[in-house]
Amino acid sequence: MANISKTNAARLLDRAKIEYELIPYEVDEHDLAATHVAEQLHEDIKQVFKTLVLHGEKTKYFVCVIPGDEEVDLKKAAKVSGNKKVDLIPMKDLLPTTGYIRGGCSPLGMKKSFPTYYHSSCLNFDYIYISAGVRGTQIKINPEKLIEFTRGETAELTTDNI
């Protein structure tokens, strides 16, 4: 396998001595969906999580990490984050806010530390996949260790609870 370069997210995990694997996949610029990533990895889409950045009127920016085939429920996200109303941030704001681009946004190593909420289904698995911070590389990691490291919490965040 080709040598995979370490991302900031991976370096943070190294520093914290948290076990993980960097897993490469083939990027399709026309299909950045998590379903494509899951197919490339030959993994269950329920274990491939996508990172969404939202903005609330009270708490400003926060992060939701949800299964790749699910949609975030804005009402549930608002409630869990202490807001009345939230929206996904505009795509043009993703890079300046997080330091990441679409298809490569990781809950680890953003420019600032934002409150992070993980869909509670992540705890059903020994490991999940999250973006390593670049397109083409995923981090395979134990969800409990990830949540603890990011000081995140779990919640029901999607329209379709599993």
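Rules and cut-offs
The residue count restarts for each chain, going from 1 along the sequence in the order it is written. Confidence filtering applies because this is a predicted model: local features only for residues at pLDDT of at least 70, side-chain atom pairs given and counted only at 80 or more, and all residues used for totals across whole chains, interfaces and linings. The side-chain figures draw on all heavy atoms in the structure; neither hydrogens nor water molecules are used. For the purposes of this entry, the term helix denotes a DSSP run of H or I that reaches at least four residues, the term strand denotes a run of E that reaches at least two, and both are numbered from the N terminus. The contact criterion used is simple: two residues touch if any of their non-hydrogen atoms lie within 4.5 Å. Positive: Lys, Arg. Negative: Asp, Glu. His and the chain ends are not part of the count. Each charge is placed at NZ for Lys, CZ for Arg, CG for Asp and CD for Glu. The rule for pairing is simple: two strands pair if DSSP sees at least two bridges between them. Every axis in this analysis is a line fitted to C-alpha atoms, fitted for helices over the stretch in contact. Angles between the N-to-C directions lie between 0 and 180 degrees. The buried label applies to any residue whose accessible area, calculated with a 1.4 Å probe on protein chains only, is under 20% of its type's maximum; exposed applies above 50%, and partly exposed to all values in between. N or O atoms within 3.5 Å of each other form a polar contact, as long as, within protein, one can give a hydrogen and the other can take it, and as long as residues adjacent in sequence are counted only when both atoms are side-chain atoms.

S.K.: Help me out: how do you make sense of the overall build of the protein chain in this one?
M.R.: Looking only at helices and strands, the protein chain features five helices and eight strands. Order of helices (α) and strands (β) in the protein chain, N terminus to C terminus: α-β-α-β-β-α-β-α-β-β-β-α-β. Judged by the C-alpha coordinates and their principal axes, the protein chain covers about 50 × 35 × 30 Å. Considering only contacts within the protein chain whose residues lie at least 6 apart along the sequence, 60% involve residues at least 24 apart. When the 21 basic and 23 acidic side-chain charges of the protein chain are each reduced to a single mean position, those positions are 10 Å apart.

S.K.: Sorry, what's going on with the sheet that holds strand 5 (residues 116–119) here?
M.R.: Strands sit in the order 4-2-3-5-8 across an open sheet of five strands; the sheet is mixed. Each edge of the sheet is formed by a strand with only one pairing partner; in this case those strands are strand 4 (86–88) and strand 8 (153–155). Adjacent strand axes in the sheet meet at a mean angle of 35 degrees, parallel and antiparallel pairs treated alike. With three bridges joining them, strand 2 (residues 49–56) and strand 4 adopt antiparallel strand pairing.

S.K.: It is not clear to me how unusual backbone geometry should be interpreted in this structure. Could you clarify?
M.R.: Generally, phi is negative for residues other than glycine and the peptide bonds are trans, each holding for most cases. A positive phi angle is found at Lys17, which is not glycine, with a value near 60 degrees. On the accessibility criterion, Lys17 (76% relative accessible area) is exposed. One non-glycine residue with positive phi stands out, namely Lys60, at about 60 degrees. For Lys60, the position within the fold is in strand 3 (residues 60–67). Overall, the relative accessible area of 44% leaves Lys60 in the partly exposed class.

S.K.: Teacher, can you tell me more about the environment of Gly99 here?
M.R.: With respect to the helices and strands, Gly99 occurs in the loop between helix 4 (91–98) and strand 5. Contacts of Gly99, omitting those with residues within four sequence positions, involve Leu94 and Lys111.

S.K.: I would appreciate a short explanation of the side chain of Ser106 in the present structure.
M.R.: Tracing the sequence through the fold places Ser106 in the loop between helix 4 and strand 5. In terms of polar contacts, Ser106 uses its side chain to reach the backbone amide nitrogen of Leu108, at 3.1 Å. Of note is the side chain of Ser106, whose polar atom sits 2.8 Å from the backbone oxygen of Ser131. Residues contacting Ser106, with those up to four places away along its chain left out, are Ala9, Thr51, Tyr100, Ile130, Ser131, Ala132 and Gly133.

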